[in-house]
Amino acid sequence: MERVLGRTPRFALRVFTEDERAYCAKTANPAVHFATRFAAKQAVLKAMGEHAFAGIPLSEVEIVRVPGSRPSVRLHGKARRLAKSLGILEVAVSLSFTHTEAVACAMAITADSVPQAEKPKSPARELSQSFKEVRGILDDLPTGKASGPRDEEASRK
């Protein structure tokens, strides 16, 4: 990434938003942060499916970092419209880097992939269920006197 940025300065202008460029520029090693965001943008497009590579500029996928928060994705233009048409509610992203390597993972979240919230149970229904469980335990207990060693001797006599 360092060589690409040095050789083609317009690359950063074409691929990264103004906020992304400002964020990366203020870090100790801007090239690594640019590379990580580049990897994340590609991962986001892959998570959106084969249609995402049909003319969507990488600059329409923005990796946003709020201090003290996890990185998130903001989609613009065609990328946003495509996500909406695919039913994508959110794109979760994870970024990792070393001083020489960058990797990113993205996951498109749709309504089908979000577990539906359980309907709240009424207190009366929960109490009734508890009583049924206790009743089942009581029904399984032996009835009458327990036969112990003393009872066996008495019954022989």
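Counting from 1, residues in each chain are numbered in the order their sequence is written. Residues qualify for local features only when their pLDDT is at least 70, as the model is predicted, and side-chain atom pairs are given and counted only at 80 or more; totals for whole chains, interfaces and linings, by contrast, use all residues. Side-chain calculation: all heavy atoms of the structure are included, whereas hydrogens and water are not.

A. Local environment of the overall build of the chain. Broken down by element type, the chain carries seven helices and four strands. Segments assigned H or I by DSSP are reported as helices when at least four residues long, segments assigned E as strands when at least two residues long, and all are numbered from the N terminus. Along the chain, from the amino end to the carboxyl end, the secondary structure elements read α-α-α-α-β-β-α-β-β-α-α. To be clear on the numbers: accessible area is Shrake-Rupley with a 1.4 Å probe, and residue cover counts the displayed protein chains and nothing else. Carbon and sulfur atoms make up 55% of the accessible area of the chain, which amounts to about 11,600 Å² in all.

B. Summary view of the packing of helix 3 (residues 18–25) against helix 4 (residues 30–48). Think of each axis as a best-fit line through the C-alpha atoms, taken over the contacting stretch in the case of a helix, with angles from 0 to 180 degrees between the N-to-C directions. At a minimum axis separation of 8 Å, helix 3 and helix 4 run at an interaxial angle of 145 degrees. Between helix 3 and helix 4, the residues in contact are Glu-20, Arg-21, Tyr-23, Cys-24 and Ala-25 and Pro-30, His-33, Phe-34, Arg-37 and Lys-41, respectively. Three residue categories are used. Nonpolar comprises Ala, Val, Leu, Ile, Met, Phe, Trp, Tyr, Cys and Pro, charged comprises Asp, Glu, Lys and Arg, and polar comprises the others, including Gly. The class makeup of the residues in the contact of helix 3 with helix 4 is five nonpolar, one polar and four charged. Any two residues whose heavy atoms approach within 4.5 Å at even a single point are treated as in contact.

C. A look at the pairing of strand 4 (residues 102–110). Where strand 3 (residues 88–97) meets strand 4, nine bridges bridge the pair, whose relative direction is antiparallel. Bridge pairing in strand 4 links Ala-92 to Met-107. Criterion used throughout: strands pair if DSSP finds at least two bridges between them. Where strand 3 hands over to strand 4, the hairpin turn is made up of four residues, counted between the paired strands.

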